[in-house]
Amino acid sequence: MFWETYMKEDILVDLGISIGIFLLFLIFRKLFTKYVFTLLLRLSRKAPNDFFSHIFVSFQKPIQWLFIIIGIYVSVGYFPYLNQHNSLFLDIISSSFIILLTWGLYNMAAASSALFTSLKVRYNLEIDDILIPFISKALRVVIVAISISVVAQEFGYDVNGFVAGLGLGGVAIAFAAKDVLGNLFGGFVIITEKPFTIGDWIMTPSVEGTVEDISFRSTRVRTFAQALVTVPNATLANESITNWSKMGKRQISFRLRVTHDTTKDQMANVVGQIEYLLKNHPDIHPETILVTFDDYKENGLDIFLYFFTKTTNWGEFLKIKEEINFEIMDILENERVYVAMPSRKLYLDPDAENQLKKDSRVRQES
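Given the structure is predicted, the values throughout are model-derived calculations rather than measurements.

**Some points on the UniProt feature "transmembrane region" (unreviewed entry) in the protein**
Next up, step 1: When the UniProt feature table is mapped onto this chain, "transmembrane region" (unreviewed entry) is found at residues 12-32, 63-81, 88-110, 130-152 and 159-177.
Next up, step 2: As a span, residues 63-81 carries 74% helix and 0% strand, and end to end its C-alpha atoms are 28 Å apart.

Structure below.
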């Protein structure tokens, strides 16, 4: 009876020590997060680049969980109902360390877009904006794949046999995943040929809008109605793509129709003044400016205008076009030339007009 009581007290003591050790590691976790990690992060931000800051931020959560796993491992040494040297327990602890390392590296790869961008700006590296998110996502896939294989080996699974099995069934898998592979190759085509990049305004038979993201499978485009359209890369790679963001200048072309009573001198003055206006306007591209008296129409005389603005921004383009239109109105007003309106004139034979008047009088008298 005394021995049983002693054993129970011993078990309770070990249980209390085990729980106390675990709680102690939880306190260490809190202290590390509040003081040590904050200090390290503040010091890293004083470095000449953001590399160390990215590392600390990426491993913040994994390190916090590291305290919990170490606490579990140490406390189990005193826990009366678990064996610290159990092979399954050791495999779980080892796998947990691998998962935490994977978690941190995965966060680093997810943040690598910002890292690559800062390196590109700082060292003038020739890295395309499309390639940066692709590299980031490829790194994340590789990190997860390696982690899964290492964890599987920890639990005694034969990864080589699994890979060999995939090789035997490769034809069936490729056939089943032909659409996925098509989108993947389409993504590589977009990267190598660079028809557009993130932030470009594109127009295709499928969609028109601004490119927001390019992934392995698809490209996300934000339309001007603020809808988000996801287009498979295989579809985009096989379509004609108009990249409006790559324009060096924006075209303005229209016909100005004036009335038939405009004289030759008036027409010559109007054409000459409009041409002078365009050639001396600071926002009009000087390379191609065409202003000509072009054609005779049923209700007026056509002046053809063809020129380009230097800006490709839609809002600035409209402002310049409006300014040119106001200037043209002033030119027409000064030359007393009027814009032709759709109209018709009816000419009557004098005899027919007299007959109409007689018929009208007869109807009134009757």
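**Regarding the pattern of salt bridges**
Next up, step 1: According to the stated counting rule, one finds eight salt bridges in the structure shown.
Next up, step 2: Between aspartate 200 and lysine 246 there is a salt bridge, with its nearest N and O atoms 4.0 Å apart. Note that aspartate 200 is positioned in the loop between α9 (178-193) and β1 (201-203) and lysine 246 in the loop between β5 (242-243) and β6 (250-258), a separation of 46 residues in sequence.
Next up, step 3: A salt bridge links lysine 249 to glutamate 287; the nearest nitrogen and oxygen atoms lie 3.6 Å apart.

**A closer look at the sheet that holds strand β4 (residues 228-232)**
Next up, step 1: Pairing in this open sheet of five strands is antiparallel, and the strands run β4-β3-β2-β1-β5 from one edge to the other. The strands lining the two open edges of the sheet, one partner per strand, are β4 and β5.
Next up, step 2: Sheet topology places strand β2 (residues 208-214) next to strand β3 (residues 218-222); four bridges connect them, and they run antiparallel. Paired with aspartate 213 across the two strands is arginine 220, which belongs to β3.

**Describing the sheet that holds strand β8 (residues 300-309)**
Next up, step 1: Spatially, β6-β8-β7 is the arrangement adopted by the three strands of the open sheet, whose pairing is antiparallel. Both outer strands of the open sheet, β6 and β7 (290-297), are each paired with one neighbouring strand and no more. Pairwise comparison of adjacent strand axes, ignoring direction, gives a mean angle of 20 degrees for this sheet.
Next up, step 2: Those strands touched by helix α11 (residues 264-279) are β6, β7 and β8, and its axis lies near 145 degrees from that of β7.

**Some remarks on helix α3 (residues 60-76)**
Next up, step 1: With 17 residues, α3 extends 25 Å between its outermost C-alpha atoms, agreeing within 8% with the 24 Å of an ideal straight helix rising 1.5 Å per residue.
Next up, step 2: Listed as buried for α3 are Pro62, Gln64, Phe67, Ile68, Ile69, Gly71, Ser75 and Val76.

**Considerations on the pairing of β4**
Next up, step 1: Both β3 and β4 contribute to a ladder of five bridges, which runs antiparallel. Each bridged residue has a counterpart across the sheet, and for serine 218 the counterpart in β4 is proline 232.
Next up, step 2: Where β3 folds back onto β4 in an antiparallel hairpin, the turn is made up of five residues, including glutamine 226, whose phi is positive at roughly 70 degrees.

**Some details on the nonpolar core**
Next up, step 1: Of all hydrophobic cores here, the largest spans 23 residues; its most connected members are Ile274 and Ile303.
Next up, step 2: At the level of elements, β6, α11, β8 and α12 (314-334) are the ones that each hand at least two residues to this core.
Next up, step 3: Each residue touching isoleucine 303, except ones within four places of it in the same chain, is listed here: Phe254, Arg255, Leu256, Val258, Met267, Val270, Val271, Val291, Thr292 and Asp294.
Next up, step 4: Among the nonpolar cores identified, the runner-up in size contains 11 residues, and Phe134, Ile202, Ile214 and Leu236 belong to it.

**Quick notes on the environment of phenylalanine 134**
Next up, step 1: Structurally, phenylalanine 134 is set in helix α6 (residues 131-154).
Next up, step 2: The class for phenylalanine 134 is buried, based on a relative accessible area of 5%.
Next up, step 3: Along the chain, phenylalanine 134 and isoleucine 191 lie 57 residues apart, while their C-alpha atoms are 8.9 Å from each other.
Next up, step 4: What phenylalanine 134 contacts, discounting residues up to four positions off in sequence, is Gly187, Ile191, Ile214, Ser215 and Phe216.

**Let's talk about a negative patch on the surface**
Next up, step 1: Residues Asp283, Glu316, Glu322, Glu323, Glu327, Asp330 and Glu333 make up a contiguous surface patch of negative charge.
Next up, step 2: Positionally, aspartate 330 belongs in helix α12.
Next up, step 3: For aspartate 330, a relative accessible area of 40% translates into the label partly exposed.

**Quick look at a nonpolar patch on the surface**
Next up, step 1: A cluster of nonpolar residues, Leu24, Ile27, Phe28, Leu31, Tyr35, Val36, Leu39, Leu40 and Leu43, forms a patch on the protein surface that exposes about 810 Å² of accessible area.
Next up, step 2: By secondary structure assignment, the location of leucine 31 is in helix α1 (residues 2-44).
Next up, step 3: On the basis of relative accessibility, which here comes to 42%, the residue leucine 31 falls in the partly exposed class.

**A short note on unusual backbone geometry**
Peptide bonds are, in most cases, trans, and in most cases residues other than glycine have a negative phi.
Next up, step 1: For glutamine 226, which is not a glycine, the phi torsion comes out positive at approximately 70 degrees.
Next up, step 2: Tracing the sequence through the fold places glutamine 226 in the loop between β3 and β4.
Next up, step 3: Look at glutamine 226 and you get exposed, because its relative accessible area is 55%.
Next up, step 4: A positive phi angle, close to 55 degrees, is found at arginine 336, a residue other than glycine.

Calculation criteria
Residues numbered from 1 in each chain as written. Predicted model: local features only at pLDDT ≥ 70, side-chain atom pairs only at ≥ 80, totals over all residues. Heavy atoms only, no water. UniProt positions renumbered as here; feature names shortened; annotations may be inferred. Helix = DSSP H or I, 4+ residues; strand = E, 2+ residues; numbered from the N terminus. Salt bridge = Lys/Arg side-chain N within 4 Å of Asp/Glu carboxyl O. Pairing = 2+ DSSP bridges. Axes fitted to C-alpha atoms, helices over the stretch in contact; angles between N-to-C directions. Contact = heavy atoms within 4.5 Å. Expected span 1.5 Å × (residues − 1). Buried < 20%, exposed > 50% of the residue type's maximum accessible area, 1.4 Å probe, protein only. Core = buried A, V, L, I, M, F, W, Y, C linked by side-chain atoms within 4.5 Å. Patch = residues over 30% accessible without salt bridge, like charges linked within 9 Å, V, L, I, M, F, W, Y side chains within 5 Å. Areas by Shrake-Rupley, 256 points an atom, 1.4 Å probe, with all protein chains shown as cover. Lys, Arg positive; Asp, Glu negative; His and termini not counted. Charge placed at Lys NZ, Arg CZ, Asp CG, Glu CD.

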